[in-house]
Amino acid sequence: MTDEPKDIPSLEKRERLAGAKVGDRRVRIVRPGGGQFKKTHGHYVATERIFAEGRGLAGLWQRTVRLLVGRRLTTEAEGEERVPVATGLPILASDNISSSAYATEEAMRVLAIAGAAALSLTMPIAIAVVGVLAIVVLSESRVIRAYPNGGGSYLVARENHGTIAGLVAAAALLIDYILTVAVSTAAGVAAISSFVPAVHDVRVPVSLALIALITVGNLRGVREAGLLFAAPTYAYMVAMFGLIGFGLFRVVSGGAIEAAAPPEPFPPTGTEALTMFLVLRAFASGSVGLTGSEAVANGVPSFRKPETRNATITLVLMGTIFATVFLGITFLATRIGVVPDAHELETVNSLLTRSIVGDGSPWYYFVQIATAVILLLAANTGFTGFPRLASVLANDRFMPRHFADMGSRLAFNSGILFLAIVAGAVLAAFDGSVTALVPLYTIGVFLAFTLSQSGLVRRWLRERGRGWRASVVINSVGTLVTGVVLVVVAITKFAFGAWMVILVLPIIVWLLWSVHRHYRDVEDMLVLPSLTAAVPTVPQPVVIVPVSRIDRAAAQALAFARSISPHVKAVHIHTSRESGERFNERWQRFAPEIKLDLLESPYRSLLQPLLRYIDAVDKSDDRPITVVISEFVPAHWWEWILHSQTAVRLKAALLFRPNTIVIDVPYHPEDSADLVRGPD
Amino acid sequence: MQAKRVLVALAGTSADPDVINVAVSLAKPVKGEVIAVHVVEVPWHLALDAVLDAELDRGEELLDEAARVAEQAGMRIETELLQAREAAAAIVDTASEKKVDLIVIGMPFRRRMGRVYVGRTVQNVYVGAHCAVLAYRQESPE
């Protein structure tokens with residue numbers, strides 16, 4: 001080897017070789033990376049080869065993960081992972097669109113308590129809900145325009161009302177996304193159990209299995225999740241538009257439609273008087289249809305360029321589709337005179353379909369299956385929203401940092417897995433009951449809406465840009481309407497379970513704030529006063545090498561210790577004077593130049609005398625202390641139990657000791673070449 | 001003749017996969033070894049060990065591709081990336097150093113002035129090598 005030019009890359013080895021003739025020299029270039037690194041624009045880029053699949057159990061696990069999740073994607077592929085409107089609609093709007101399947105029924109069920117005559121109020125309530133949705137869509141389109149990087153209500157509230165309001169909005173949305181997953185899965189499974197009654201008894205395990213399936217779909221990345229969920233969403237739209245179109249045709253053409261009777265209809269006289277509170281409760285229940293409409297504004301970065309435009313188009317499409325299906329179903333149900341079932345044995349949707357297309361028609365089954373599938377897949381909106389919001393919060397240091405890390409498929413894996421676990425736990429805790437879960441729902445959404453709408457009003461008033469007056473009016477109306485709905489929902493649903501959300505919300509806000517405080521404290525501790533300050537110089541440390549036996553592992557650790565400092569002390573703990581003397585005798589033959597301290601431990605304890613010895617050295621010497629631990633690493637994981645793991649216990653004990661550097665020198669049995677190597 | 005150790009010189013032309021397959025078909029039946037070599041020719045105005053990242057990256061890529069082709073044909077091969085003033089001399093010297101029995105060198109079908117063009121490197125390897133040399137010319141496209 002001769003001296004090399006200074007710009008030789010550090011992962012490259014060059015050998016100059018002589019040729020047969022004087023002028024025929026050649027340079028052999030060895031790139032030890034073996035294709036694991038590529039050099040581009042003066043720096044190394046890791047290639048897919050660094051993920052070489054292991055053998056045995058580890059390899060099997062890696063292959064299974066790749067099979068389930070798919071090939072790794074590079075960060076540059078993120079643009080390709082973004083979705084157009086056609087895929088964005090099923091990903092981000094399926095929750096809202098699917099609500100149209102049960103929003104009518106939810107309102108009707110409350111009104112039916114006051115008797116059949118009260119059901120005529122369903123249509124005005126539906127119009128009011130759609131009116132609120134129109135205001136929400138209009139207001140949310142302003143959010144998309146003002147905050148194109150996503151984050152939605154959290155960012156708007158935080159920037160305009162302050163951190164605490166932002167955290168309240170974030171906590172409300174996080175809760176709501178978890179509930180979206182739990183409620184949608186439970187509702188989907190309930191729809192299946194209408195067909196297959198046997199499912200009812202195993203609804204929790206079936207729901208958990210479905211959550212696992214959606215989780216895997218999401219771990220494969222946003223685009224693939226969209227492709228997976230696109231077909232059912234469009235199938236539902238075709239089914240419902242077909243049903244409504246045919247129903248309207250039959251109404252207009254003057255044919256009398258006979259309402260299908262449910263197994264156990266509500267009594268026509270009613271059990272309660274029709275009060276304002278009952279009407280408001282019906283409105284609050286119908287408002288369940290507005291959940292999921294914030295997902296588009298939160299997920300703007302999931303869209304292809306131009307993101308803002310695509311997100312707005314998706315938002316408007318979502319609102320139009322929901323309104324059409326919801327109003328269509330409500331109009332037909334009230335016109336035909338469908339009465340809901342008192343014990344949820346059959347859905348209004350099913351009754352209406354039977355009334356229009358008749359029992360046993362293929363279209364009936366198509367509508368029912370499409371409804372069941374879209375209800376299940378609406379859970380995916382939670383999976384799109386939660387990880388993205390968690391990543392925004394993690395970037396702002398309000399959630400643990402790994403929520404901001406993208407996985408091998410550019411999905412936020414931590415957020416997806418966390419959501420799956422929590423939603424699964426909530427679902428299991430409520431025994432998979434939709435009725436028990438629904439009251440917890442919607443309050444979070446309306447709280448977030450109210451905060452973001454009022455936040456935007458403050459923003460427009462502050463900035464006074466072009467068209468600010470119109471924006472102030474739109475968002476003020478939005479604030480008022482969503483605020484009123486929030487109060488109505490909170491009051492009417494409080495006793496039915498909304499109190500739990502009201503209780504949990506401040507706890508989550510406090511947790512988010514505590515995480516932030518921790519990160520801020522750590523940053524204060526770690527920040528450098530200036531980048532130009534020189535890297536400090538420390539004196540050479542006193543190196544302590546605990547030696548239990550004189551062997552190859554100990555020799556390697558001592559050799560390494562001597563390479564970092566001339567002040568090396570070996571320490572041996574023995575249980576009797578005789579064994580200590582024997583050890584010392586061997587030591588004097590092995591390494592007489594290295595000072596050996598012998599510690600007798602009559603109580604046979606190993607760790608405590610060693611820790612106290614380190615304390616004593618620390619007190620008697622001003623230099624920093626470094627402990628070099630030799631560790632034998634067995635060839636197979638199951639051989640670990642055959643070794644006492646003193647090194648691991650010592651490392652754990654020293655981890656929290658201040659001013660102590662612990663260096664582990666592992667010794668692998670298969671590694672016949674010692675760490676101590678001479679020059680090549 | 002048994003080709004136990006075969007050196008394949010790769011220039012990054014369309015003939016490369018054919019040359020690798022020829023070398024593997026000769027070495028595999030006798031449980032021999034194949035060493036694929038690519039030489040980056042360094043211009044005289046640069047130092048012999050100048051850092052030529054683009055050329056080395058390309059060389060590494062075509063050697064990786066050769067290893068892949070060989071693996072498909074059922075053989076693991078050794079690869080070597082070199083820098084030299086003249087490719088032929090480096091190929092011949094590496095062949096001597098590695099004590100190979102045969103050098104396989106390929107050339108795409110090219111014409112110059114109406115005649116098939118062999119190229120300087122192929123000619124010089126043919127003339128300079130101490131071991132046997134097999135020159136593989138791609139078939140004519142006509």
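Preceding this paragraph is the structure being described.
Keep in mind that this is a model prediction, so the values were computed, not measured.

Student: Sorry, what's going on with the overall build of chain A here?
Tutor: Along its length, chain A carries 23 helices and nine strands. Expected size for 680 residues packed as a compact globule is a radius of gyration near 26 Å; at 34 Å, chain A overshoots this value by more than 25%. Taking the principal axes of the C-alpha coordinates as reference, chain A spans close to 110 × 75 × 55 Å. Counting only residues that meet the buried cut, chain A has 41% of its 680 residues in that class. Contacts spanning at least 24 positions in sequence make up 77% of the contacts within chain A whose residues lie at least 6 apart.

Student: How do you make sense of the nonpolar core when you look at a structure like this?
Tutor: Grouped burial of nonpolar side chains is what soluble globular proteins tend to show. With 147 residues, the main nonpolar core has L111, A169, A170, L393 and L419 of chain A as its most contacted residues. Apart from residues no more than four positions distant in its own chain, L393 of chain A is found in contact with A170, F398, M399, F403 and L512 of chain A. Within the second largest apolar cluster, 47 residues are counted, among which are L7, I35, A70 and I77 of chain B.

Student: Just to check I follow, could you spell out the sheet that holds strand β9 (residues 660-667) of chain A for this structure?
Tutor: Backbone hydrogen bonds are what pair the strands of a sheet, in a parallel or an antiparallel way. Residue and element names in this part refer to chain A. Pairing is parallel in the open sheet, where five strands are placed in the order β7-β6-β5-β8-β9. Sheet topology places β7 (595-600) and β9 at the edges, where each strand pairs with a single neighbour. Across the sheet, the mean angle from the axis of one strand to that of its neighbour is 25°, orientation sign disregarded. Bridging between strand β5 (residues 542-546) and strand β8 (residues 625-632) involves three bridges; their strand directions are parallel. Bridging across to β8, V542 finds its partner in I625. Along the sheet, helix α20 (residues 552-564) contacts β5, β6 (568-574), β8 and β9; its crossing angle with β8, the most-contacted strand, is approximately 155°. Strands β6 and β7 of the sheet are contacted by helix α21 (residues 577-590), whose axis makes an angle of about 170° with β7.

Student: Would you mind showing me how to read the interface of chain A and chain B here?
Tutor: A common way to report how large an interface is uses the accessible area buried once the components associate. At the interface, 19 residues of chain A touch 19 residues of chain B. Those elements that provide at least two residues to the side of chain A that touches chain B are β1 (13-17), β2 (26-30) and β3 (37-40) of chain A. Per-element accounting of the side of chain A that touches chain B gives the leading share, four residues, to β2 of chain A. In the side of chain A that touches chain B, the residues fall into five nonpolar, three polar and 11 charged. Pairing geometry for β2 of chain A and strand β3 (residues 78-84) of chain B, over four bridges, is antiparallel. Following the sheet pairing, R26 of chain A is matched in β3 of chain B by A84 of chain B.

Scoring rules and cut-offs
- Residues numbered from 1 in each chain as written.
- Chains lettered and ligands numbered in written order.
- Predicted model: local features only at pLDDT ≥ 70, side-chain atom pairs only at ≥ 80, totals over all residues.
- Helix = DSSP H or I, 4+ residues; strand = E, 2+ residues; numbered from the N terminus.
- Rg over C-alpha atoms; globule rule 2.2 N^0.38 Å.
- Buried ≥ 20, exposed ≤ 12 C-beta atoms within 10 Å, placed from the backbone.
- Contact = placed C-beta atoms within 7 Å.
- Core = buried A, V, L, I, M, F, W, Y, C linked by C-beta atoms within 7 Å.
- Pairing = 2+ DSSP bridges.
- Axes fitted to C-alpha atoms, helices over the stretch in contact; angles between N-to-C directions.
- Nonpolar A, V, L, I, M, F, W, Y, C, P; charged D, E, K, R; others polar.

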